[in-house]
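Residue-level listing of the chains:
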Amino acid sequence: MSTILAIETSGKYCSVALIHEGLAEFSRVDETEMNHARAIGPFVDECVKEARRREWKIDAVAVSMGPGSYTGLRIGLSMAKGLCFSLNVPLIGVSTLKLIAVKAMFRNIDWQGDEILVPMIDARRMEVYTAAYNFRLDALMEPQPLILTEYSYSELPKDRDIYFMGDGSAKSKEVLKGERYHWLEGVNPKASDMTALAEKAFRESDFLDVAYSVPEYLKDYEAKKSSVKGLS
């Protein structure tokens, strides 16, 4: 079995975990919003020291690849790449949308197995980053930025319940109406939630190119214009 150091910085919070033999054995979470640059270094250092204390060799580094916060994703991936180079281990990329869907699967719900899982990551105004998955994580709707309207997700099968989750899902309640729609609260990604996806990628040797991999932004970065004349 493997020991994987996992990093999640796609959202508001920063988290790092040490996954050993399929279990998240050690983790650190900073719930100070957008404090990634300050928190990630000490958290990674703690995880590396914990691995040494337990005499575990770190076999890979897993990182949330997005979509999500542009700055957070860059910070997380940069740290992950540095660790891979210094430890001489492979890099595992984890889709943040799949990560949220998998976390929802482990909720204590009487799942039937034919439900559709729709993770949503908040973007500007009524826009979200989203996708739709079945319980095999097949994409019924590919990852994409989406401006929410009453017709969003209308292409999904009509005879199946749809569950929305993630920090962008709350605003969907304003426009999506129907008995088959359900919302799960508090399903936000953390490094410790990467266990299943990271372990699967490691077993299948599904690794990224450490030098050339980039975050999955899904759309180009749009810089905010300053209200001060002459600045942009």
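Residues numbered from 1 in each chain as written. Predicted model: local features only at pLDDT ≥ 70, side-chain atom pairs only at ≥ 80, totals over all residues. Heavy atoms only, no water.

### Structural notes on the pairing of strand β4 (residues 60-66)
Thinking step 1. Taken across its 7 residues, β4 has 7 buried, putting it largely inside the fold.
Thinking step 2. In the sheet, strand β1 (residues 3-8) pairs with β4 via 4 bridges, with the strands oriented parallel. Within the sheet, the bridge partner assigned to I4 lies in β4 and is A60.
Thinking step 3. Two elements, β4 and strand β5 (residues 91-95), share 5 bridges in a ladder whose sense is parallel. (Buried < 20%, exposed > 50% of the residue type's maximum accessible area, 1.4 Å probe, protein only. Helix = DSSP H or I, 4+ residues; strand = E, 2+ residues; numbered from the N terminus. Pairing = 2+ DSSP bridges.)

### Observations regarding the environment of E150
Thinking step 1. With respect to the helices and strands, E150 occurs in the loop between β8 (139-147) and β9 (162-165).
Thinking step 2. Placed 22 residues apart in sequence, E150 and S172 show a C-alpha to C-alpha distance of 8.9 Å.

### Digging into unusual backbone geometry
Thinking step 1. Along the chain, G66 connects to P67 via a cis peptide bond; the corresponding omega equals 10°.
Thinking step 2. Among the secondary structure elements, P67 is positioned in the loop between β4 and α2 (70-87).
Thinking step 3. Of note in the backbone geometry, N88 takes a positive phi value of approximately 60° without being a glycine.
Thinking step 4. With a relative accessible area of 72%, N88 lands in the exposed category.
Thinking step 5. The backbone phi angle of S205 is positive, close to 50°, even though this residue is not glycine.
Thinking step 6. Summarising the element assignment, S205 is placed in the segment after α4 (195-203).

### Describing the sheet that holds β9
Thinking step 1. Here 5 strands make up an open sheet; going across it, the order is β8-β7-β6-β9-β10 and the pairing mixed. Of all the strands in the sheet, just β8 and β10 (181-183) have a single pairing partner and so form its edges. Each adjacent strand pair in this sheet contributes to an overall mean axis angle of 20°, direction not counted.
Thinking step 2. Judged from the 4 bridges that link them, strand β6 (residues 116-122) and β9 form a sheet pairing that is parallel. Directly across from I116, in β9, lies its bridge partner I162. (Axes fitted to C-alpha atoms, helices over the stretch in contact; angles between N-to-C directions.)

### Focus on the side chain of S64
Thinking step 1. Looking at the secondary structure, you find S64 in strand β4.
Thinking step 2. Separated by 2.9 Å, the side chains of S64 and E8 make a polar contact.
Thinking step 3. Setting aside residues no more than four positions away along its own chain, S64 makes contact with I7, E8, S10, L73, V94, T96, L99 and M194. (Polar contact = N/O pair within 3.5 Å; in protein donor to acceptor, adjacent residues only side chain to side chain. Contact = heavy atoms within 4.5 Å.)

### What about the packing of aromatic side chains?
Thinking step 1. The final tally for this structure, using the stated rule, is 8 aromatic pairs.
Thinking step 2. Their ring planes at 75° and their centres at 6.5 Å tell us that Y181 and W183 sit as a pair that is edge-to-face.
Thinking step 3. Here W183 falls in the partly exposed class, since its relative accessible area comes to 23%.
Thinking step 4. Put simply, the rings of Y153, F164, Y181 and W183 pair up and form one aromatic cluster. (Phe/Tyr/Trp six-rings, centres within 6.5 Å; stacked < 30°, edge-to-face > 60°.)

### Notes on the nonpolar core
Thinking step 1. Within the largest apolar cluster, 33 residues are counted, with the highest numbers of intra-cluster contacts made by A62, M165 and M194.
Thinking step 2. Among the elements that line this core, the one with the most residues is helix α3 (residues 96-105), at 7 residues.
Thinking step 3. Dropping the residues within four chain positions of it, A62 is found in contact with I4, L5, A6, I7, I92, V94, M194 and A198. (Core = buried A, V, L, I, M, F, W, Y, C linked by side-chain atoms within 4.5 Å.)

### What about the confidence of the model for the chain?
Thinking step 1. When the pLDDT values of the chain are averaged, the result is 93; 95% of them are 70 or greater.
Thinking step 2. Contacts for the low-pLDDT stretch residues 223-232, under 50 throughout, to residues beyond four places or in other chains number 4 contacts. (pLDDT = per-residue confidence, 0-100.)

### Description of the state of the cysteines
Each disulfide consists of one covalent bond between the sulfur atoms belonging to two cysteines.
Thinking step 1. The final tally for this structure, using the stated rule, is 0 disulfides.
Thinking step 2. Unpaired in this structure, C47 has its nearest cysteine sulfur neighbour in C14, at a distance of 10 Å.
Thinking step 3. For C47, a relative accessible area of 0% gives the class buried.
Thinking step 4. Cysteine C84 shares no disulfide, and the gap to the nearest cysteine sulfur, in C47, comes to 14 Å. (Disulfide = S-S within 2.5 Å.)

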